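Here are the chains, one letter per residue:
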Amino acid sequence: ADGSPGAMLADLPPELLAAVLRSMRLSDIGHLAYASRPLLGAVEAALQLRAQDGKDPLPRLPACEESWAPFLLRLDRLRAPTVVAAGD
């Protein structure tokens, strides 16, 4: 490990890393998915755990998708409640 935060995260066991990432805000998970290629597998595992938390069966990866991360990020965004500001 070189001491950088990404290197320290990558040193965690995969199941622990996925559990940590799972609790992050969706926008932060999305940024991490695109900013850290070494953590992409853990990001995808965390997104799969989040999808399973919704008590919905995990869908099959559509043929048009290359990776779970973008697909599950979109799915998670669609499940998020819409917030409407008062007075609008």
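Here goes a summary of the coordinates provided. (Residues numbered from 1 in each chain as written. Predicted model: local features only at pLDDT ≥ 70, side-chain atom pairs only at ≥ 80, totals over all residues. Heavy atoms only, no water.)

## So, the pattern of salt bridges
With the rule as written, the count across this model stands at 1 salt bridge. Note that Arg 25 and Asp 28 form a salt bridge whose closest N and O atoms lie 3.4 Å from each other. Classification of Arg 25 as exposed rests on a relative accessible area of 57%. (Salt bridge = Lys/Arg side-chain N within 4 Å of Asp/Glu carboxyl O. Buried < 20%, exposed > 50% of the residue type's maximum accessible area, 1.4 Å probe, protein only.)

## Here's the deal with the environment of Leu 61
When you line up the elements, Leu 61 lands in the loop between helix H4 (40–53) and helix H5 (68–79). Residues Leu 61 and Leu 72, 11 residues apart in the sequence, show an inter-C-alpha distance of 9.1 Å. (Helix = DSSP H or I, 4+ residues; strand = E, 2+ residues; numbered from the N terminus.)

## Description of H5
Over its 12 residues, H5 runs 16 Å from end to end, which matches the ideal 16 Å to within 8%, given 1.5 Å per residue. Taken as a whole, H5 has its buried residues at Trp 68, Ala 69, Phe 71, Leu 72, Leu 73 and Asp 76. (Expected span 1.5 Å × (residues − 1).)

## Brief notes about the nonpolar core
Buried together is how nonpolar side chains tend to be arranged in soluble globular proteins. Core analysis: the biggest nonpolar cluster contains 17 residues, and Leu 21, Val 43, Leu 47 and Leu 72 have the highest contact counts within it. Counting only elements with at least two residues in this core, the list comes to helix H2 (14–22), helix H3 (26–35), H4 and H5. (Core = buried A, V, L, I, M, F, W, Y, C linked by side-chain atoms within 4.5 Å.)

## Let's talk about H3
Residues of H3 that are buried: Leu 26, Ile 29, Gly 30, Leu 32 and Ala 33. Each buried residue of H3 lies within a common arc of 165 degrees when the element is viewed along its axis, so the set occupies one face. The exposed set on the far side of H3, more than 90 degrees from its buried face, consists of His 31, Tyr 34 and Ala 35. (Arc of directions from axis to C-beta.)

## Structural notes on the packing of H2 against H4
Where H2 contacts H4, the axes come no closer than 8 Å and their chain directions differ by 60 degrees. Judged on the interaxial angle alone, H4 and H2 are oblique. Considering how the two elements wind past one another, H2 and H4 form a crossing that is right-handed. Residues Leu 17, Ala 18, Leu 21 and Arg 22 of H2 lie in contact with H4, whose contacting residues are Ala 42, Val 43, Ala 45, Ala 46, Leu 49, Arg 50 and Asp 53. Tallied by class, the residues present in the contact of H2 with H4 amount to 8 nonpolar, no polar and 3 charged. (Axes fitted to C-alpha atoms, helices over the stretch in contact; angles between N-to-C directions. Parallel < 35°, antiparallel > 145°, perpendicular 65-115°, else oblique. Left-handed = near helix turned anticlockwise from the far one by under 90°. Contact = heavy atoms within 4.5 Å. Nonpolar A, V, L, I, M, F, W, Y, C, P; charged D, E, K, R; others polar.)

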